[in-house]
Amino acid sequence: MKALSLGWAPTLVGYSMQGIGKFGFYEAFKNLYGGLLGEENAYLYRTSMYLAASASAEFFADIFLCPMESVKVRIQTTPGWETTLRAGAPRIMREEGINGFYKGLSPLWARQIPYTMMKFACFERTVELLYKYVVPKPRSDCNKSEQLMVTFVAGYIAGVFCAIVSHPADSIVSKLNANPGGGVVSAAKELGLAGMWKGLGPRIIMIGTLTALQWFIYDSVKVAFRLPRPPPPEMPESLKRKLAAAQ
(Lines give C-alpha, C1' and ligand atoms only; values in the text may rest on other atoms or scores of the structure.)
Protein backbone atom coordinates (compact mmCIF):
# COMPACT_ATOMS: atom_id res chain seq x y z
CA MET A 1 0.00 0.00 0.00
CA LYS A 2 2.86 2.35 0.82
CA ALA A 3 4.42 1.75 -2.60
CA LEU A 4 1.15 2.65 -4.30
CA SER A 5 0.98 5.97 -2.44
CA LEU A 6 4.52 7.09 -3.31
CA GLY A 7 4.52 10.43 -5.07
CA TRP A 8 0.94 11.33 -4.21
CA ALA A 9 1.80 14.84 -2.98
CA PRO A 10 3.68 16.12 -6.06
CA THR A 11 1.07 14.43 -8.24
CA LEU A 12 -1.78 16.20 -6.44
CA VAL A 13 -0.09 19.60 -6.34
CA GLY A 14 1.35 19.45 -9.86
CA TYR A 15 -1.71 18.24 -11.69
CA SER A 16 -4.02 20.52 -9.72
CA MET A 17 -2.01 23.57 -10.80
CA GLN A 18 -1.70 22.27 -14.33
CA GLY A 19 -5.41 21.42 -14.61
CA ILE A 20 -6.57 24.82 -13.38
CA GLY A 21 -4.14 26.52 -15.72
CA LYS A 22 -4.99 24.32 -18.69
CA PHE A 23 -8.77 24.73 -18.59
CA GLY A 24 -8.57 28.41 -17.69
CA PHE A 25 -5.99 29.27 -20.37
CA TYR A 26 -7.93 27.22 -22.94
CA GLU A 27 -11.08 29.27 -22.46
CA ALA A 28 -9.04 32.48 -22.65
CA PHE A 29 -7.13 31.49 -25.79
CA LYS A 30 -10.26 30.13 -27.48
CA ASN A 31 -12.02 33.45 -26.96
CA LEU A 32 -8.90 35.34 -28.08
CA TYR A 33 -8.39 33.34 -31.28
CA GLY A 34 -12.11 33.28 -32.01
CA GLY A 35 -12.20 37.06 -31.80
CA LEU A 36 -9.19 37.39 -34.08
CA LEU A 37 -10.68 35.03 -36.66
CA GLY A 38 -14.15 36.58 -36.69
CA GLU A 39 -17.46 34.74 -36.40
CA GLU A 40 -17.44 33.05 -39.81
CA ASN A 41 -13.82 31.92 -39.82
CA ALA A 42 -14.06 30.80 -36.20
CA TYR A 43 -16.82 28.41 -37.30
CA LEU A 44 -15.15 27.25 -40.52
CA TYR A 45 -11.77 26.68 -38.89
CA ARG A 46 -13.00 25.73 -35.41
CA THR A 47 -10.93 22.52 -35.20
CA SER A 48 -7.75 24.48 -35.93
CA MET A 49 -8.85 27.06 -33.37
CA TYR A 50 -9.36 24.34 -30.73
CA LEU A 51 -5.93 22.90 -31.51
CA ALA A 52 -4.18 26.28 -31.31
CA ALA A 53 -5.97 27.32 -28.11
CA SER A 54 -5.25 24.03 -26.34
CA ALA A 55 -1.59 24.00 -27.43
CA SER A 56 -1.16 27.55 -26.13
CA ALA A 57 -2.85 26.68 -22.85
CA GLU A 58 -0.74 23.56 -22.28
CA PHE A 59 2.49 25.42 -23.04
CA PHE A 60 1.97 27.59 -19.97
CA ALA A 61 0.28 24.96 -17.80
CA ASP A 62 3.29 22.64 -18.11
CA ILE A 63 5.55 25.28 -16.60
CA PHE A 64 3.49 24.83 -13.41
CA LEU A 65 3.53 21.02 -13.66
CA CYS A 66 7.16 20.30 -14.53
CA PRO A 67 8.77 20.80 -11.07
CA MET A 68 6.24 18.52 -9.39
CA GLU A 69 6.49 15.95 -12.18
CA SER A 70 10.27 15.86 -11.72
CA VAL A 71 9.94 15.17 -8.00
CA LYS A 72 7.17 12.58 -8.52
CA VAL A 73 9.00 10.50 -11.11
CA ARG A 74 12.19 10.37 -9.03
CA ILE A 75 10.26 9.31 -5.94
CA GLN A 76 8.58 6.53 -7.90
CA THR A 77 11.44 5.27 -10.05
CA THR A 78 14.72 5.88 -8.18
CA PRO A 79 15.44 3.30 -5.45
CA GLY A 80 16.72 4.81 -2.22
CA TRP A 81 15.71 8.35 -3.19
CA GLU A 82 13.51 10.60 -1.05
CA THR A 83 9.92 9.49 -0.47
CA THR A 84 8.17 12.83 0.14
CA LEU A 85 7.72 16.13 -1.66
CA ARG A 86 9.08 18.19 1.23
CA ALA A 87 12.33 16.19 1.15
CA GLY A 88 12.57 15.64 -2.61
CA ALA A 89 12.12 19.22 -3.82
CA PRO A 90 14.93 20.69 -1.62
CA ARG A 91 17.22 17.83 -2.67
CA ILE A 92 16.79 18.61 -6.37
CA MET A 93 17.38 22.30 -5.70
CA ARG A 94 20.46 21.53 -3.63
CA GLU A 95 22.01 19.05 -6.08
CA GLU A 96 20.96 20.44 -9.47
CA GLY A 97 19.60 23.93 -8.95
CA ILE A 98 16.46 25.27 -10.65
CA ASN A 99 17.39 23.49 -13.88
CA GLY A 100 16.84 20.18 -12.13
CA PHE A 101 13.13 20.93 -11.96
CA TYR A 102 12.88 21.83 -15.64
CA LYS A 103 15.23 19.41 -17.37
CA GLY A 104 12.17 17.40 -18.41
CA LEU A 105 10.22 20.43 -19.70
CA SER A 106 10.89 19.90 -23.42
CA PRO A 107 9.88 16.22 -23.41
CA LEU A 108 6.97 17.14 -21.12
CA TRP A 109 5.80 19.62 -23.77
CA ALA A 110 6.30 16.89 -26.38
CA ARG A 111 4.04 14.62 -24.34
CA GLN A 112 1.46 17.04 -22.97
CA ILE A 113 0.90 19.45 -25.86
CA PRO A 114 -0.20 16.75 -28.37
CA TYR A 115 -2.15 15.14 -25.52
CA THR A 116 -4.01 18.35 -24.71
CA MET A 117 -4.58 19.26 -28.36
CA MET A 118 -6.25 15.89 -28.81
CA LYS A 119 -8.07 16.19 -25.49
CA PHE A 120 -9.78 19.48 -26.29
CA ALA A 121 -10.22 19.27 -30.06
CA CYS A 122 -11.49 15.69 -29.96
CA PHE A 123 -13.81 16.50 -27.07
CA GLU A 124 -15.28 19.58 -28.78
CA ARG A 125 -15.90 17.77 -32.07
CA THR A 126 -17.19 14.60 -30.36
CA VAL A 127 -19.76 16.61 -28.41
CA GLU A 128 -20.82 18.21 -31.66
CA LEU A 129 -21.18 14.83 -33.40
CA LEU A 130 -22.99 13.20 -30.47
CA TYR A 131 -25.67 15.88 -30.43
CA LYS A 132 -25.94 15.75 -34.21
CA TYR A 133 -26.07 11.99 -34.79
CA VAL A 134 -26.60 10.13 -31.49
CA VAL A 135 -28.65 12.18 -29.03
CA PRO A 136 -32.25 12.07 -30.29
CA LYS A 137 -33.06 15.67 -29.36
CA PRO A 138 -31.40 19.09 -29.44
CA ARG A 139 -29.10 20.04 -26.57
CA SER A 140 -31.53 22.75 -25.51
CA ASP A 141 -34.16 20.04 -24.88
CA CYS A 142 -31.80 17.88 -22.78
CA ASN A 143 -31.82 18.26 -19.02
CA LYS A 144 -28.60 18.89 -17.10
CA SER A 145 -28.05 15.19 -16.30
CA GLU A 146 -28.37 14.22 -19.97
CA GLN A 147 -25.97 16.99 -20.99
CA LEU A 148 -23.44 15.86 -18.39
CA MET A 149 -23.69 12.28 -19.65
CA VAL A 150 -22.82 13.48 -23.15
CA THR A 151 -19.89 15.35 -21.60
CA PHE A 152 -18.67 12.15 -19.89
CA VAL A 153 -18.92 10.00 -23.02
CA ALA A 154 -17.19 12.60 -25.19
CA GLY A 155 -14.49 12.97 -22.53
CA TYR A 156 -13.82 9.23 -22.47
CA ILE A 157 -13.54 9.06 -26.27
CA ALA A 158 -11.15 12.00 -26.23
CA GLY A 159 -9.13 10.32 -23.48
CA VAL A 160 -8.56 7.20 -25.56
CA PHE A 161 -7.00 9.26 -28.35
CA CYS A 162 -5.02 11.31 -25.80
CA ALA A 163 -3.40 8.18 -24.41
CA ILE A 164 -2.37 6.96 -27.85
CA VAL A 165 -0.75 10.18 -29.10
CA SER A 166 1.12 10.92 -25.85
CA HIS A 167 2.30 7.46 -24.80
CA PRO A 168 5.77 7.38 -26.47
CA ALA A 169 6.72 10.79 -25.04
CA ASP A 170 5.40 9.75 -21.63
CA SER A 171 7.73 6.74 -21.66
CA ILE A 172 10.68 8.97 -22.57
CA VAL A 173 9.89 11.47 -19.78
CA SER A 174 9.79 8.65 -17.21
CA LYS A 175 13.09 7.29 -18.51
CA LEU A 176 14.74 10.74 -18.36
CA ASN A 177 13.70 11.39 -14.78
CA ALA A 178 14.79 7.92 -13.71
CA ASN A 179 18.23 8.52 -15.31
CA PRO A 180 19.14 12.20 -14.64
CA GLY A 181 22.32 12.06 -16.74
CA GLY A 182 20.61 10.94 -19.95
CA GLY A 183 19.16 12.85 -22.88
CA VAL A 184 16.00 12.55 -24.97
CA VAL A 185 17.67 10.77 -27.90
CA SER A 186 19.56 8.31 -25.71
CA ALA A 187 16.40 7.56 -23.69
CA ALA A 188 14.45 6.88 -26.89
CA LYS A 189 17.20 4.58 -28.22
CA GLU A 190 17.41 2.70 -24.95
CA LEU A 191 13.65 2.16 -24.81
CA GLY A 192 13.31 1.20 -28.47
CA LEU A 193 10.05 1.29 -30.41
CA ALA A 194 8.49 -1.57 -28.43
CA GLY A 195 9.53 -0.03 -25.12
CA MET A 196 7.96 3.32 -25.95
CA TRP A 197 4.60 1.62 -26.56
CA LYS A 198 4.77 -0.76 -23.60
CA GLY A 199 1.81 -0.43 -21.23
CA LEU A 200 -0.46 1.34 -23.71
CA GLY A 201 -3.54 -0.77 -22.92
CA PRO A 202 -3.74 0.01 -19.20
CA ARG A 203 -2.90 3.66 -19.94
CA ILE A 204 -5.83 3.92 -22.36
CA ILE A 205 -8.18 2.71 -19.62
CA MET A 206 -6.65 5.04 -17.04
CA ILE A 207 -6.44 8.14 -19.24
CA GLY A 208 -9.87 7.54 -20.77
CA THR A 209 -11.46 7.39 -17.32
CA LEU A 210 -9.48 10.35 -15.95
CA THR A 211 -10.23 12.52 -18.98
CA ALA A 212 -13.93 11.69 -18.80
CA LEU A 213 -13.99 12.56 -15.10
CA GLN A 214 -12.08 15.81 -15.70
CA TRP A 215 -14.58 16.98 -18.30
CA PHE A 216 -17.51 15.80 -16.18
CA ILE A 217 -16.25 17.69 -13.10
CA TYR A 218 -15.39 20.78 -15.15
CA ASP A 219 -18.85 20.87 -16.72
CA SER A 220 -20.52 20.11 -13.35
CA VAL A 221 -18.73 23.08 -11.78
CA LYS A 222 -20.02 25.28 -14.59
CA VAL A 223 -23.55 24.01 -13.94
CA ALA A 224 -23.26 24.48 -10.16
CA PHE A 225 -21.97 28.04 -10.43
CA ARG A 226 -24.21 28.94 -13.38
CA LEU A 227 -21.21 29.72 -15.59
CA PRO A 228 -21.65 30.06 -19.36
CA ARG A 229 -21.91 26.70 -21.17
CA PRO A 230 -22.15 27.52 -24.87
CA PRO A 231 -23.92 24.93 -27.04
CA PRO A 232 -22.06 23.21 -29.90
CA PRO A 233 -21.26 25.79 -32.60
CA GLU A 234 -23.73 26.40 -35.40
CA MET A 235 -23.12 27.97 -38.76
CA PRO A 236 -23.56 31.77 -38.58
CA GLU A 237 -26.52 33.16 -40.47
CA SER A 238 -24.23 35.38 -42.54
CA LEU A 239 -22.32 32.32 -43.73
CA LYS A 240 -25.55 30.49 -44.52
CA ARG A 241 -26.64 33.39 -46.72
CA LYS A 242 -23.29 33.44 -48.51
CA LEU A 243 -23.45 29.73 -49.21
CA ALA A 244 -27.06 29.99 -50.40
CA ALA A 245 -26.16 32.85 -52.74
CA ALA A 246 -23.25 30.89 -54.18
CA GLN A 247 -25.47 27.96 -55.16
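Owing to the predicted nature of the structure, the values given are computational and were not obtained by experimental measurement.

What follows concerns the pattern of salt bridges. A side chain with one charge can pair with a side chain of the opposite charge if their charged atoms come near. In total, this model carries 13 salt bridges according to the counting rule given. A salt bridge links E27 to K222, with the nearest nitrogen and oxygen atoms 3.2 Å apart. Taken together, the residues E27 in helix α2 (residues 8-37) and K222 in helix α10 (residues 200-224) connect sequence positions 195 residues apart. For K222, a relative accessible area of 12% gives the class buried.

Okay, a nonpolar patch on the surface next. Among the surface-exposed residues, W8, L12, V13, M17, F59, F60, I63 and F64 lie close enough to one another that they form a single nonpolar patch of about 730 Å² accessible area. Only α2 and α4 (46-77) provide two or more residues apiece to the nonpolar patch. Structurally, the position occupied by F59 is in helix α4.

A full pass over the atoms with the stated rule returns 0 disulfides. C66 carries a free sulfur, and the closest cysteine sulfur to it, the one in C162, is 19 Å from it. Here C162 stays unpaired: no disulfide links it, and the sulfur of C122, its closest cysteine neighbor, is 7.1 Å away.

Here the focus is the packing of aromatic side chains. Throughout the structure, instances matching the rule amount to 14 aromatic pairs. Between the aromatic rings of F59 and W109, the centroid separation amounts to 4.5 Å while the plane-to-plane angle is 10°, which identifies the pairing as stacked. You can see F59 sitting in helix α4 and its partner W109 sitting in helix α7 (residues 105-134), a full 50 residues away along the chain. When its relative accessible area of 21% is taken as the criterion, W109 is described as partly exposed. Residues F120 and W215 carry aromatic rings whose centres are separated by 5.1 Å and whose planes lie at 75° to one another, so their mutual orientation is edge-to-face. You can see F120 sitting in helix α7 and its partner W215 sitting in helix α10, a full 95 residues away along the chain. Each member of the pair, F120 as well as W215, carries the same accessibility label: buried. Three or more aromatic residues joined by ring pairs form one cluster here, namely F23, Y26, F120, F123, W215 and Y218. Taking NZ or CZ as reference, R46 lies 4.3 Å from the ring centre of Y43, over its face.

This part is about the environment of G199. Checked against the element boundaries, G199 lands in the loop between α9 (184-197) and α10. Accessibility expressed as a relative area gives 37% for G199, which makes it partly exposed. Through-space distance from the C-alpha of G199 to that of H167 is 8.7 Å; in sequence the pair is 32 residues apart.

On to the side chain of E124, then. Mapping E124 onto the fold places it in helix α7. Within the structure, E124 has its side chain in polar contact with the side chain of K30 (distance 3.1 Å). Here E124 is in contact with Y26, K30 and Y50, once residues within four sequence places are set aside.

Basis of the calculations
Residues numbered from 1 in each chain as written. Predicted model: local features only at pLDDT ≥ 70, side-chain atom pairs only at ≥ 80, totals over all residues. Heavy atoms only, no water. Salt bridge = Lys/Arg side-chain N within 4 Å of Asp/Glu carboxyl O. Helix = DSSP H or I, 4+ residues; strand = E, 2+ residues; numbered from the N terminus. Buried < 20%, exposed > 50% of the residue type's maximum accessible area, 1.4 Å probe, protein only. Patch = residues over 30% accessible without salt bridge, like charges linked within 9 Å, V, L, I, M, F, W, Y side chains within 5 Å. Areas by Shrake-Rupley, 256 points an atom, 1.4 Å probe, with all protein chains shown as cover. Disulfide = S-S within 2.5 Å. Phe/Tyr/Trp six-rings, centres within 6.5 Å; stacked < 30°, edge-to-face > 60°. Lys NZ or Arg CZ within 6 Å of the ring centre and 35° of its normal. Polar contact = N/O pair within 3.5 Å; in protein donor to acceptor, adjacent residues only side chain to side chain. Contact = heavy atoms within 4.5 Å.

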